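Inside the fold
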Amino acid sequence: MHKYPALHNAMWPGLVGKGPDSEPPIDLETMLNLTAAANVGGVKFEGVDLFLFDPHVSIDSSADDLKRLADQVSSRNLVVGSLVAPVWPPTGGGSAMGSAEDRQNFVTQVRKACEIAKTLNGLGIRKYGVIRIDSAAGVSDWAADPAGNQKKIAETFRQACDVADGYGERLAAEGAICWGGMHSWKRNVELLELVNRPKTLGFQADMAHTLLFTLGYNAPEDRILPEGYDWKRRETLDEALKTMTHALRPWTIDFHVAQNDATVKGSGSHDKTGRHCLPKDPNGKLDIARHAGAWLRDDEGKVTRALKHICWDGCMFPNATMMQASTWNDVLGAMIAVRDAHGWD
């Protein structure tokens, strides 16, 4: 068993894909209770990552609100890590390649997220983590002018970096097939290089989302796995992941442990993206503990020690599944296996 990295659970599965067109959200108190109750051989989650949006944590939270939040978290022997900035138009943000107003709204949400981070840091409940962003733009809209839109996203990200620098925060752009300009592994590398702020902007790698990159979903020109790939040929998948992580690992500053069955799913207002599966899903294509090593070890197989924490992400599960204690014990077990395989002391 290793001490590092710390094991976190994401709170936003209680929100993402929930709402009027789906199931009701699961409140933060319940998500914290489920997380704190998980226990595998005496090992427990050490922290949570948060989505800064109602009804969990308002992006306009007052100092008193955040003090109550810190008390909520600390009373369960947890800490706060990474924070998701609500940069999308429906959450008060705007497309990073949109109008001047859209792009200003995007940067404003990043600034508000940094303010919350500053307060939580001052309260002592947060000592590490990033501010998570994406392009807040659809792939079809982006495709109308790939070069021009990529430049706009890069410029918006640079403005967001200027804000983050003022707070001593780092931004992590989460690549996924549903985000324009970030919908393939090559486009993510291109965007990160265009922004060219490696000390401030990095990549957030989610094992489920990035698996879809190898299949070229929404970007067939960047596919790595062959058409008609036979999932029984594990060595082919290993090589595909090696190719992708070689390019993206140097940029990776935040990491989501996840499972995927090589399909896509959308729920509520969320666009179709890589389907998150439960860790023991028989249709899951990843050997979670082993394949996490593609991100957590360098090309020579040495543990990078680049991340202070790792976080489970499993969005759009039914509420009934999420309310079961066994769900979170299985998740925690998968996280422990990753740390046992690629952690340090």
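The preceding data block contains the structure.
Model, not experiment: these values are computed from the prediction.

About the criteria used
- Residues numbered from 1 in each chain as written.
- Predicted model: local features only at pLDDT ≥ 70, side-chain atom pairs only at ≥ 80, totals over all residues.
- Heavy atoms only, no water.
- Helix = DSSP H or I, 4+ residues; strand = E, 2+ residues; numbered from the N terminus.
- Rg over C-alpha atoms; globule rule 2.2 N^0.38 Å.
- Contact = heavy atoms within 4.5 Å.
- Areas by Shrake-Rupley, 256 points an atom, 1.4 Å probe, with all protein chains shown as cover.
- Lys, Arg positive; Asp, Glu negative; His and termini not counted.
- Charge placed at Lys NZ, Arg CZ, Asp CG, Glu CD.
- Core = buried A, V, L, I, M, F, W, Y, C linked by side-chain atoms within 4.5 Å.
- Buried < 20%, exposed > 50% of the residue type's maximum accessible area, 1.4 Å probe, protein only.
- Axes fitted to C-alpha atoms, helices over the stretch in contact; angles between N-to-C directions.
- Parallel < 35°, antiparallel > 145°, perpendicular 65-115°, else oblique.
- Pairing = 2+ DSSP bridges.
- Phe/Tyr/Trp six-rings, centres within 6.5 Å; stacked < 30°, edge-to-face > 60°.
- Arc of directions from axis to C-beta.
- Polar contact = N/O pair within 3.5 Å; in protein donor to acceptor, adjacent residues only side chain to side chain.
- Right-handed = clockwise from strand over helix to strand, strands pointing away.
- Salt bridge = Lys/Arg side-chain N within 4 Å of Asp/Glu carboxyl O.

1. Notes on the overall build of the protein chain
- Tallying secondary structure elements over the protein chain gives 11 helices and 10 strands in all.
- For the protein chain, the C-alpha radius of gyration of 19 Å lies close to 20 Å, the compact-globule estimate for 345 residues.
- The C-alpha extent of the protein chain, read off along each of the three principal axes, is 50 × 50 × 40 Å.
- The long-range fraction of contacts in the protein chain, counting pairs at least 24 apart against all pairs at least 6 apart in sequence, stands at 79%.
- As displayed, the protein chain has an accessible area near 13,900 Å², and 50% of this comes from carbon and sulfur atoms.
- Charge centroids of the protein chain, computed over 38 positive and 44 negative side chains, lie 4 Å from each other.

2. Re the nonpolar core
- If you look at the biggest cluster of nonpolar residues, it comprises 110 residues, and the most contacted ones within it are Phe106, Ile133, Phe157 and Phe255.
- For this core, the leading source of residues is helix α3 (residues 100-122), giving 8 residues.
- Filtering out sequence-adjacent residues up to four positions away, isoleucine 133 remains in contact with Ala85, Val87, Phe106, Val110, Phe157, Leu171, Ala172, Ala173, Glu174 and Leu201.

3. Comments concerning the packing of helix α7 (residues 207-214) against helix α8 (residues 234-248)
- One can describe the packing of α7 onto α8 by two numbers: an axis separation of 10 Å at closest approach and a directional angle of 100 degrees. Taken together, the axis directions place α7 and α8 in an arrangement best described as roughly perpendicular. Contacts between α7 and α8 involve Thr210, Leu211, Phe213 and Thr214 from the first element and Leu237, Ala240, Leu241 and Met244 from the second.

4. Brief notes about the sheet that holds strand β1 (residues 6-10)
- One closed barrel accounts for 8 strands, arranged β1-β2-β3-β4-β5-β6-β7-β10; its pairing is parallel. Going across the sheet, the axis of each strand differs from the next one's by a mean of 30 degrees, ignoring polarity.
- Looking at chain direction, strand β5 (residues 171-174) and strand β6 (residues 201-206) are connected through 4 bridges and run parallel. Looking at β6, one finds that alanine 172 is bridged to glycine 202.
- Docked against the sheet, α7 engages β5, β6 and β7 (252-257), running at close to 90 degrees with respect to β6.

5. Considerations on the packing of aromatic side chains
- Counting across every chain of the model gives 8 aromatic pairs.
- A ring pair is formed by tryptophan 88 and tryptophan 179, whose centres lie 6.1 Å apart and whose planes are at 20 degrees; its orientation type is stacked. On the criterion of sequence distance, the pair formed by tryptophan 88 in the loop between β3 (79-84) and α3 and tryptophan 179 in the loop between β5 and α6 (185-195) is long-range, its members being 91 residues apart. Accessibility assignment for this pair places tryptophan 88 and tryptophan 179 in one class, buried.
- Members of the aromatic cluster, connected to one another through ring pairs, are Phe51, Phe53, Trp88 and Trp179.

6. Considerations on α6
- When we look at burial in α6, the residues that qualify are Trp185, Asn188, Val189, Leu191, Leu192 and Val195. Mapping the buried residues of α6 onto a view down its axis gives an arc of 165 degrees, with all of them on the same face.
- Those residues of α6 that are buried lie in contact with α5 (146-167), β6, α7 and α8.
- Downstream of α6 by one or two residues, asparagine 196 has phi in the positive range, about 55 degrees.

7. Observations regarding the environment of histidine 309
- Looking at where histidine 309 falls in the secondary structure, it is placed in strand β10 (residues 309-312).
- Distance in space between the C-alpha atoms of histidine 309 and phenylalanine 255 is 7.9 Å, their sequence separation being 54 residues.
- Ignoring any residue separated from it by four or fewer positions in sequence, one finds histidine 309 in contact with Pro5, Ala6, His8, Asp49, Gly81, Ser82, Tyr128, Gly129 and Asp254.
- Of the polar contacts made by the side chain of histidine 309, one reaches the side chain of aspartate 49; its length is 3.0 Å.

8. Here we look at the pairing of strand β2 (residues 47-51)
- In terms of burial, β2 is largely enclosed, as 5 of its 5 residues are buried.
- The alternating pattern of β2 places Gly47, Asp49 and Phe51 and Val48 and Leu50 on opposite faces, both of which are buried.
- In this structure, β1 lies alongside β2, joined through 3 bridges in parallel fashion. Bridging across to β2, histidine 8 finds its partner in glycine 47.
- Taken together, β1, helix α1 (residues 28-37) and β2 form a β-α-β motif whose crossover is right-handed.
- With helix α2 (residues 63-74) bridging β2 and its parallel neighbour β3, the resulting β-α-β unit is right-handed.

9. As for the pattern of salt bridges
- For the coordinates displayed, the defined rule picks out 19 salt bridges.
- One salt bridge in this structure joins arginine 132 and aspartate 134, with 2.5 Å as the shortest N-O distance. You'll find arginine 132 and aspartate 134 in the same group, each marked buried.
- Here aspartate 287 and arginine 290 are joined by a salt bridge, their closest N and O atoms 3.5 Å apart.
- Overall, the relative accessible area of 34% leaves aspartate 287 in the partly exposed class.
- When its relative accessible area of 39% is taken as the criterion, arginine 290 is described as partly exposed.
- Taken together, the shared-partner salt bridges in this structure form one network comprising Arg132, Asp134 and Glu174.

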